[in-house]
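# Summary of the model geometry
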Amino acid sequence: MKTLLLASVSLFALGALAPAGAADLPLYKAPVAPVLAYDWTGVYAGINGGAGLAHACWSITDALGAVVDPAAGEGCHNASGGTIGGQIGYRWQKAHWVFGLEGQGNWADFKGSNVSVARPAFTNQTRIDGFGLFTGQLGYAVNSLLFYGKTGAAVARDKYDTFVPGVPATVFNSVNQTRWGYAVGFGIEYGFAENWSVGGEYDHVFLGHHSADFATVPGGLLARTDRIGQDIDIGVIRVNYRWGGPLVAKY
């Protein structure tokens, strides 16, 4: 009887002590797995393609050596078409902020025309066969998604023609110009794989107003100077490859 009682008391004591002992043991905590974060820092290069539209307005300011004041408006037209090109740049990321510099060069096929308001027998035509952008960037990154704005210098190669519709191979006046201005734009870019990213971008190019002294036919007939105002809107899809490790471990 005493043996049974002693055994019962011992089991009760062990049951009471077991929870207390377990409570005193240190809890095991699993290590925190690192989170892989996208880093936009590095040199990158890529290709782009899309479309553009240049809005041009012509006004005659001089005809046959005589000043035209006020200027005689010849009307406006849109020169639109496709474009393809490439870009190269460098980005540096600090926390969520991304800073960058970029150069872009594009071939273009923008073309448009209108019948001259001041000279209805003639048609004026604008063509753009190339442009370049040299810009700085400021962006905000959410891991592999980058939102950015850009601004800087712009240049475009223009050709302006005046001709009589229906008269084969006859261009009465023609001017080639390289026009400088400035550009502003914004874009979204997504890092979809190791060092690769894809995105969309819109840019507006301000080329201002410039005078164009048109060549003349023999004898000086139809010589004139036009003041031409022009802007360009461009939308492209871009694919870039960046050199350097795109992923960093953060705890």
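What comes next is a walk through the structure.

What counts as what
- Residues numbered from 1 in each chain as written.
- Predicted model: local features only at pLDDT ≥ 70, side-chain atom pairs only at ≥ 80, totals over all residues.
- Heavy atoms only, no water.
- Helix = DSSP H or I, 4+ residues; strand = E, 2+ residues; numbered from the N terminus.
- Buried < 20%, exposed > 50% of the residue type's maximum accessible area, 1.4 Å probe, protein only.
- Salt bridge = Lys/Arg side-chain N within 4 Å of Asp/Glu carboxyl O.
- Core = buried A, V, L, I, M, F, W, Y, C linked by side-chain atoms within 4.5 Å.
- Contact = heavy atoms within 4.5 Å.
- Phe/Tyr/Trp six-rings, centres within 6.5 Å; stacked < 30°, edge-to-face > 60°.
- Lys NZ or Arg CZ within 6 Å of the ring centre and 35° of its normal.
- Polar contact = N/O pair within 3.5 Å; in protein donor to acceptor, adjacent residues only side chain to side chain.
- Pairing = 2+ DSSP bridges.

Note that the residue after D69, namely P70, is joined by a cis bond; omega there is 5 degrees. With respect to the helices and strands, the residue P70 is situated in strand 3 (residues 66-94). Located in the positive-phi region is N143, a residue other than glycine, with phi close to 55 degrees. One can find N143 in the loop between strand 5 (123-142) and strand 6 (145-163). If you check the backbone angles, N195 has positive phi at about 70 degrees while not being a glycine. Within the secondary structure layout, N195 lies in the loop between strand 7 (171-193) and strand 8 (196-213). The exposure class of N195 is buried, given its relative accessible area of 9%.

Moving on, we come to the pattern of salt bridges. This structure, assessed with the given rule, holds 10 salt bridges. Note that E201 is salt-bridged to R238, the shortest N-O span being 3.3 Å. You can see E201 sitting in strand 8 and its partner R238 sitting in strand 9 (residues 224-242), a full 37 residues away along the chain. Given a relative accessible area of 5%, E201 falls into the buried group. You can call R238 buried: its relative accessible area is 2%. Each of E74, R119, R224 and D226 takes part in a single network of salt bridges with overlapping partners.

Core analysis: the largest hydrophobic core is formed by 15 residues, its most contacted members being F110, F131, L133, V205, I232 and I234. Residue assignment for this core shows that the elements contributing at least two residues are strand 4 (97-115), strand 5, strand 6, strand 8 and strand 9. Ignoring any residue separated from it by four or fewer positions in sequence, one finds I234 in contact with A51, G52, F131, E201, Y202, D203 and V205.

Examined against the element boundaries, G100 turns out to sit in strand 4. On the basis of relative accessible area, G100 is assigned to the buried category, the value being 11%. Counting along the chain gives 39 residues from G100 to G139, while the straight-line C-alpha distance between them is 8.3 Å. Ignoring sequence-local partners within four residues, the contact set of G100 consists of Y90, R91, T135, G136 and Q137.

Next up on the list: the packing of aromatic side chains. In this description, an aromatic ring pair is defined by two values, namely the gap between the centres and the angle between the planes. Tallying each qualifying case throughout the model produces 11 aromatic pairs. Seen in terms of ring centroids, W97 and Y140 are 5.2 Å apart; in terms of plane orientation they differ by 80 degrees. Their pairing is edge-to-face. With W97 in strand 4 and Y140 in strand 5, the pair connects residues that are 43 residues apart, well separated along the chain. Owing to a relative accessible area of 44%, W97 belongs among the partly exposed residues under this scheme. With a centroid separation of 5.2 Å and an interplanar angle of 85 degrees, the aromatic rings of Y241 and W243 are classed as edge-to-face. Note on Y241: relative accessible area 28%, which makes it partly exposed. By the ring-pair criterion, three or more aromatic residues cluster together here, those being W58, Y160 and F214. For the cation-ring pair, R91 lies above Y44, with the distance from its terminal atom to the ring centre recorded as 4.5 Å. Cation over ring: R119 sits above F122, and NZ or CZ is 4.5 Å from the ring centre.

With that settled, the discussion passes to the side chain of S116. With respect to the secondary-structure elements, S116 resides in the loop between strand 4 and strand 5. Within the structure, the side chain of S116 is placed 3.4 Å from the backbone nitrogen of A118, a separation counted as a polar contact. If near-sequence neighbours (up to four positions away) are discounted, S116 is found in contact with E74, F122, T123 and N124.

Relative to the helices and strands, S197 is located in strand 8. Here E189 takes part through its side chain, which lies 2.5 Å from a polar atom of the side chain of S197. When near neighbours in sequence (up to four residues on either side) are disregarded, S197 contacts W40, E189, Y190, G191, F192, R238, V239 and N240.

As paired strands, strand 3 and strand 4 are joined by 13 bridges and run antiparallel to one another. Its bridge partner being in strand 4, W92 is matched across the sheet by F99. The loop that links strand 3 with its antiparallel partner strand 4 comprises two residues; one of these, A95, has a positive phi angle of about 55 degrees.

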